[in-house]
Amino acid sequence: MKTDLLFAPEQLKRLACRILTAAGSSDKEAEIVAAHLIRANLTGHDSHGIGMLPTYLRSIANGLLIPNTPLKLISDTGAILICDGERGYGQRVAREMMDMAIARCRDTGLVLTALRNAHHIGRVGSYGEQAMAAGLISLHFVNVTDHTPVVAVHNGADGRLLTNPVCFAMPGTAKHPNLLLDMATSKIALGKARVAMNAGKEVADDTLLDSHGSPTNDPRVLFSDPPGALKPLGRHKGFGIAFFCELLAGVLSGGGTMQPEHPRHGGVTNNMLTILIDPQRLVNNQWLESEVDAIADYLLASPPATDADDEIMLPGEPERRHAEQRSRDGIPVDHETWRELLAGGTALGIPESELNACQTTP
Ligand code: NAD
């Protein structure tokens, strides 16, 4: 197998900006979307990084993603904000929604926001990071619509849902900063199956069903017709959380659920319900920090299990380590993803030589 290509983060971001502006985005929008994608690569989530651009170009061509669409505020009743993404870049409209909600939370201490009809919002952890940078706690519930369902319900044989992610973020302390749980409710994110397929790899046992409902390790089943399905995380428990994402994000945002009467155009639409909390309204900072440090230290001091597959870490730690390593050593991109980026870029009229020029060793 060929080794991945390696890019300095700034080079990859320039490449993303070039493709995004060629696809119609203003410089400012391209900068926001590109920064989000590269941060996903940096934190180790290649599934939500620059490799999403070919999908976005297809969505633009099909009228499912509309560049230069700002967030639309539908309703503002103090601590409750309802917004419509109107099929704009999710990375932009969700960020704008978070900016608005963070400003409001300074006054109200607690904010609930519902965002509907955003094109793919990407790595949900990035909105948790936005909240943490403002000293706030955030809880996010997301559903996915407009796409063929490829996540099975517990004990089901076919896809009925998508990967409905949840994210919980808390600023933490100097010793344990940025506590961030950000995860799909399927066994793995759909994008991770795409990354495995592009790299010619299999996925772990007990992750996938083929289109007949039988177990398989071949990620290609998810991208064939009829598709197979990802299994829900943690059996009935992950399914239960995914179901509540449909209820909280899909129903309460007004954006809708995966129920079959809603159209499925083959795009990726996200709805998100977000709760922002100012911790200072609840406890004093000294107590919060000492208690967070105490519980974090206690958990990390557990002796490793005999079948441990890694050291004990808190949620958010793998991303922090990836970001440190990839900022230093560069971001790997597999050859299939690179081929798709070149095809997408040249179709927009960008000379291949210009795209290839980004490909220098960091
Ligand atoms: P993952 O399985 O890589 O990580 C999930 C969480 O577990 C993270 O918070 C991570 O910090 C933590 N974690 C990982 N290994 C750990 C360990 N050994 N010890 C302790 N904690 C650990 O993430 P995923 O489920 O594959 O999701 C990947 C990304 O996909 C996320 O950013 C998610 O937001 C995104 N996503 C987006 C959508 C969408 O529709 N926009 C849908 C699904 C997923």
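Here the structure is a predicted model, which is why all the values come from computation and not from measurement.

K.L.:
Would you take a moment to explain the overall build of the protein for this structure?
P.N.:
Across its full length, the protein holds eleven helices and 14 strands. The C-alpha extent of the protein, read off along each of the three principal axes, is 55 × 50 × 50 Å. Across the protein, every contact between residues at least 6 apart in sequence was considered, and the portion connecting residues at least 24 apart equals 69%. Computing the positive centroid from 32 side-chain charges and the negative centroid from 42, the protein places the two 2 Å apart.

K.L.:
Sorry if this is basic, but what is going on with a nonpolar patch on the surface here?
P.N.:
A surface patch of nonpolar side chains, amounting to about 340 Å² of accessible area, comprises Ile-295, Tyr-298 and Leu-299. Structurally, Tyr-298 can be placed in helix H8 (residues 285-300).

K.L.:
Hey, could you run me through the nonpolar core in this one?
P.N.:
Soluble globular proteins tend to pack their nonpolar side chains together in the buried interior. In terms of nonpolar packing, the biggest core is built from 30 residues, with Leu-12, Leu-15, Ile-19, Ile-50, Leu-53 and Trp-338 touching the most fellow members. Elements represented by at least two residues in this core include exactly strand E1 (5-7), helix H1 (9-22), helix H2 (27-42), helix H3 (53-61), strand E14 (331-333) and helix H10 (335-347). Setting aside chain neighbours within four positions, we find Leu-12 in contact with Phe-7, Ile-38, Asn-41, Ile-50, Ile-331 and Val-333. In this structure, Leu-81, Val-124, Met-132 and Ala-169 belong to the second largest nonpolar core, which totals 26 residues.

K.L.:
Even after reading the chapter, I still don't get the pattern of salt bridges, so can you show me in this structure?
P.N.:
It is possible for side chains bearing opposite charge to pair when their charged atoms get close. One pass over the full model with this rule turns up 23 salt bridges. Residue Arg-92 pairs with Glu-96 through a salt bridge whose shortest N-O separation is 2.9 Å. Of this pair, Arg-92 and Glu-96 both sit in helix H4 (residues 90-108), four residues apart, roughly one helical turn. Given the relative accessible area of 15%, Arg-92 is considered buried. Overall, Glu-96 belongs to the partly exposed group, its relative accessible area being 23%. Residues joined in a network through salt bridges with shared partners are Glu-311, Glu-317, Arg-320, Arg-321 and Glu-324.

K.L.:
When you look at the sheet that holds strand E8 (residues 166-172) in this model, what are you seeing that I'm missing?
P.N.:
Two strands in a sheet stick together by hydrogen bonds in their backbones, pointing the same way (parallel) or opposite ways (antiparallel). Pairing within the open sheet is mixed, and its seven strands lie in the order E2-E3-E4-E13-E5-E8-E9. At either margin of the open sheet sits one strand with a lone partner, and together these are strand E2 (72-76) and strand E9 (177-183). Averaged over neighbouring strand pairs, the angle between their axes works out to 15° when direction is ignored. Relative to strand E13 (residues 269-277), strand E5 (residues 137-145) is paired through nine bridges, and the arrangement is antiparallel. From the neighbouring strand, Ser-138 faces E13, where its bridge partner is Leu-276. Its contacts with the sheet place H4 against E2, strand E3 (80-84), strand E4 (110-119), E5 and E13, and it is angled at close to 170° to E4. Strands in contact with helix H5 (residues 125-133) are E5, E8, E9 and E13; relative to E9, the strand with the most contacts, it is inclined by about 155°.

The rules behind these values
- Residues numbered from 1 in each chain as written.
- Predicted model: local features only at pLDDT ≥ 70, side-chain atom pairs only at ≥ 80, totals over all residues.
- Heavy atoms only, no water.
- Helix = DSSP H or I, 4+ residues; strand = E, 2+ residues; numbered from the N terminus.
- Contact = heavy atoms within 4.5 Å.
- Lys, Arg positive; Asp, Glu negative; His and termini not counted.
- Charge placed at Lys NZ, Arg CZ, Asp CG, Glu CD.
- Patch = residues over 30% accessible without salt bridge, like charges linked within 9 Å, V, L, I, M, F, W, Y side chains within 5 Å.
- Areas by Shrake-Rupley, 256 points an atom, 1.4 Å probe, with all protein chains shown as cover.
- Salt bridge = Lys/Arg side-chain N within 4 Å of Asp/Glu carboxyl O.
- Core = buried A, V, L, I, M, F, W, Y, C linked by side-chain atoms within 4.5 Å.
- Buried < 20%, exposed > 50% of the residue type's maximum accessible area, 1.4 Å probe, protein only.
- Pairing = 2+ DSSP bridges.
- Axes fitted to C-alpha atoms, helices over the stretch in contact; angles between N-to-C directions.

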